[in-house]
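Residues per chain, in single letters:
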Amino acid sequence: MTSIAQDLSKIVGAAFEAQNLPADLGLVRASDRPDLAQFQCNGAMVAAKQAKKNPREVAQSVVDALSNNDIFSKIEIAGPGFINLNVTDAYLKEYLTTLENFGVEPTDEERQVVLDYGGPNIAKAMHVGHLRAAIIGDSVRRIMSFKGYKTLGDVHMGDWGTHMGMLIGDYMREDEQDIVLNADLKDAATVQSLMEDFAVRYPKASGAAKANSDLMQEARDITVKLQDKEEPYYSIWQKIREVSVEGMKKTYEHLGVEFDLWKGEADVHDYIDPMVDDLKAKNLAYISEGACVIDVAEDGDKKELPPLILKKSDGGVMYGTTDCATIVERVKLYNPVKIVYIVDQRQSLHFEQVFRAIRKAQIVSDNVELTHAGFGTMNGKDGKPFKTREGGVMRLEDLISMAIEKATARLNDANLASEIDEAERADVAYKVAIAAIKFADLQNQRQSDYIFDLDRLTSFEGKTGPYVLYQTVRIKSLLDKAKAQNIVFQDADLIVKEEDRALVLLLGQFPDALTLAIGNYAPHHLCEYIFKLAQAFSSFYGNVHILSEENEALRNSRLLLSQNVAALMEQALKLLGMTVPARM
RNA sequence: GCGCCCGUAGCUCAGUUGGAUAGAGCGCUGGUUUCCGGAACCAGAAGUCAGGGGUUCGAAUCCCUUCGGGCGCACCA
């Protein structure tokens, strides 16, 4: 089973083929003129253009080939050559009652996909800049997994660069490295205080290094020593990393974002030298201005593409080096068919360099997809990269707290508050807050910049996460009531009346929304769909009687339909990383 | 200088890869509760799709150009 449009596309495609026209011209989609028809096919106009024929005549020949099909209640040619189609209610009923897995067919084979959507640096507080990668990547992972791919989400933290040299240098200069070395990581308070120490110390060290070239040089030297695993640098680093990972895991968990792999740049260090030697042996890597580089420019390039630096002149490695080595490791350990990076759009040149280097060295086979699914910058209301009023970045945990606070206040205003005990209320506020944040972010198209608006991220009305949760909760509440009244409707005969039709048609669009979301690594298509479905149900709910319908057969039919909507909503929301509370 | 991205209603954003009358949310105006949850529903006002040219049956979408904004260009990540 597929979507309704896909189902119809096969039939119309066959009709095109019968006229010796390409079957893919028979692509059917939901009509954008619902007042005229449910579905439309534009292929006749394309075919006519190619063959230099009259589009209406082409359409007519296709329509003739379709006319003996009894699933259509209307077949019309309109305008320059649109084929407008309606399906019979019997077809809709058949479609919905034989639906499996919401109409989503699993991908033809189980294939391994590696998704990279983390990237926070250790020893730094996570801020709202990390939000998009986490939310989009996690959703893409859930969606692809639902489709049947084997997915691996990797946090790929930044733990091997000069920022570590700065931080370690500061501890050594102040002779305070014992704070780190002797820390008992099993003690939560110690971990917490170390995190706070990093948060103060790193900006201080970083600022000092930028202002003082001697300190910067010292940081670079320490970084090289660290990368050679010299002591005590390496031990200090290990502890810093362990502490940071604890904090990072807590924040990601709080956000409801999951990873399968908690790896960092340092983990691929041992792959680097063999990789560089290999590139040298292949005459791809060479020494330029003291650094070991690989050319990635190609004939026909419109822009200048600088070479990728594999080793700095001081022997240190850069993030391009570790990114390449990470691909070496991923190929070796997981043999993926796709590696997808959900990383800020501003990194596009970097990824182009890395991917070209990898292709040139034939580290992956040609049929492995390497994609940088970039996302736009998060700007403030002034259109510039987002900063808080104090000029700093907003911590992720602070954002979550603010959203929870607002959700709690909203819940207390509602009539339900008194019936719900403290613990459940906290849980509901949390789920609502996370849904608000995620939906506000995910509904934006991935690659364009977007404005970080706190009010929008913590708003609960209109096109928001809480709205779609609310609609789902309301349906579930209805179904619970039916159950309490011992009404059995699971095997009800589905009756498609005027009011129900839009809802059934919409249910049949879910696989299309999922296909779009997967194809472009773009969960916003799923957001769009979920919101439309929620809106359609809300309208349905307001205009017809469901549980209170007097005609028993119709009541049971509508309960069945409602159950289908609720189940789909809950599943789809899960794919966006949201959980539906029992009530709210 | 070279290159990439963007400009759609007062604000924040969609627009299924060239289709019919460009859609949502917020805000604004007005309405809806003896009946299944009002975080809701219904209706309305609001657009030179930045400007100009081109391609064609047909353009927010493709090409050229002007203006405006963002970003990236070898030893940071």
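Residues numbered from 1 in each chain as written. Chains lettered and ligands numbered in written order. Predicted model: local features only at pLDDT ≥ 70, side-chain atom pairs only at ≥ 80, totals over all residues. Heavy atoms only, no water.

1. As for empty space enclosed by the protein
In the structure shown here, the tally under the stated rule is one cavity of 30 Å³ or more. Computed from the structure, the largest cavity encloses a volume of approximately 50 Å³. Every residue along the wall of the largest cavity is listed here: Gly165, Met166, Gly169, Arg173, Ala205, Ala209, Leu215, Glu218 and Ala219. Secondary-structure elements contributing two or more residues to the lining of the largest cavity are helix 6 (162–173), helix 8 (188–211) and helix 9 (213–227). Per-element accounting of the lining of the largest cavity gives the leading share, four residues, to helix 6. Looking at the lining of the largest cavity residue by residue, the class counts come to five nonpolar, two polar and two charged. (1 Å grid on protein atoms, 1.4 Å probe; cavity = no way out; pocket = protein on both sides within 12 Å on 5 of 7 lines; lining within 4 Å. Points joined across faces, edges and corners; volume = space filled by probe spheres on them. Helix = DSSP H or I, 4+ residues; strand = E, 2+ residues; numbered from the N terminus. Nonpolar A, V, L, I, M, F, W, Y, C, P; charged D, E, K, R; others polar.)

2. Re the sheet that holds strand 7 (residues 285–288)
Read from one edge to the other, the open sheet built from three strands follows the order 7-8-9, with strand pairing classed as antiparallel. The outermost strands of the open sheet, each flanked by one partner alone, are strand 7 and strand 9 (308–311). Strand-to-strand twist in this sheet, taken as the mean axis angle between neighbours without regard to direction, amounts to 45 degrees. Across three bridges, the pairing between strand 8 (residues 291–294) and strand 9 is antiparallel. Bridge pairing in strand 9 links Val293 to Ile309. (Pairing = 2+ DSSP bridges. Axes fitted to C-alpha atoms, helices over the stretch in contact; angles between N-to-C directions.)

3. Some words on the packing of aromatic side chains
What the rule picks out here adds up to 16 aromatic pairs. On the numbers, 4.5 Å between centres and 20 degrees between planes, the contact of Tyr117 with Phe259 is stacked. Here Tyr117, found in the loop between strand 5 (112–116) and helix 5 (131–146), pairs with Phe259, found in the loop between helix 10 (233–255) and helix 11 (269–281); they are 142 residues apart in sequence, far enough to count as distant. Phe259 carries the same exposure label as Tyr117, and that label is buried. (Phe/Tyr/Trp six-rings, centres within 6.5 Å; stacked < 30°, edge-to-face > 60°. Buried < 20%, exposed > 50% of the residue type's maximum accessible area, 1.4 Å probe, protein only.)

4. Here we look at the protein's contact with RNA strand B
Around RNA strand B, the surrounding shell holds 76 residues, and the nearest of these are Arg33, Lys312, Gln445, Tyr541 and Val544. Taking all atoms of RNA strand B within 4 Å of the protein, the share assigned to sugar and phosphate is 58%. Between a sugar or linking oxygen of RNA strand B and a main-chain N or O atom of Lys463, the distance comes to 3.2 Å. Within the backbone of Met584, one N or O atom sits 2.5 Å away from a base nitrogen of RNA strand B. Here the residues of the surface near RNA strand B are counted per class, giving 32 nonpolar, 23 polar and 21 charged. (Near = heavy atom within 4 Å. Polar contact = N/O pair within 3.5 Å; in protein donor to acceptor, adjacent residues only side chain to side chain.)

5. Concerning the environment of Ala219
Assignment of secondary structure puts Ala219 in helix 9. The class of Ala219 is buried, set by a relative accessible area of 2%. Expressed as a C-alpha distance, the spacing of Ala219 and Ala205, which sit 14 residues apart in the sequence, is 9.4 Å.

6. Some remarks on the nonpolar core
The biggest cluster of nonpolar side chains holds 192 residues, and the ones touching the most others in it are Ile240 and Phe510. When residues in this core are grouped by element, the largest group, eleven residues, is from helix 15 (residues 422–442). Discounting chain neighbours no more than four positions away, the residues touching Ile240 are Ile122, Ala123, Met164, Leu167, Ile168, Val180 and Phe198. (Core = buried A, V, L, I, M, F, W, Y, C linked by side-chain atoms within 4.5 Å. Contact = heavy atoms within 4.5 Å.)

7. A look at the pairing of strand 6 (residues 150–154)
Two faces make up the sheet, and in a regular strand the side chains alternate between them. For strand 6, a buried count of four out of five residues is recorded, marking the element as mostly surrounded by other parts of the structure. Bridge count for strand 5 against strand 6 is five bridges, and the pairing is parallel. What sits directly across from Val114, in strand 6, is Leu152. As for the winding sense of the linkage, the β-α-β connection from strand 5 through helix 5 to strand 6 is right-handed. (Right-handed = clockwise from strand over helix to strand, strands pointing away.)

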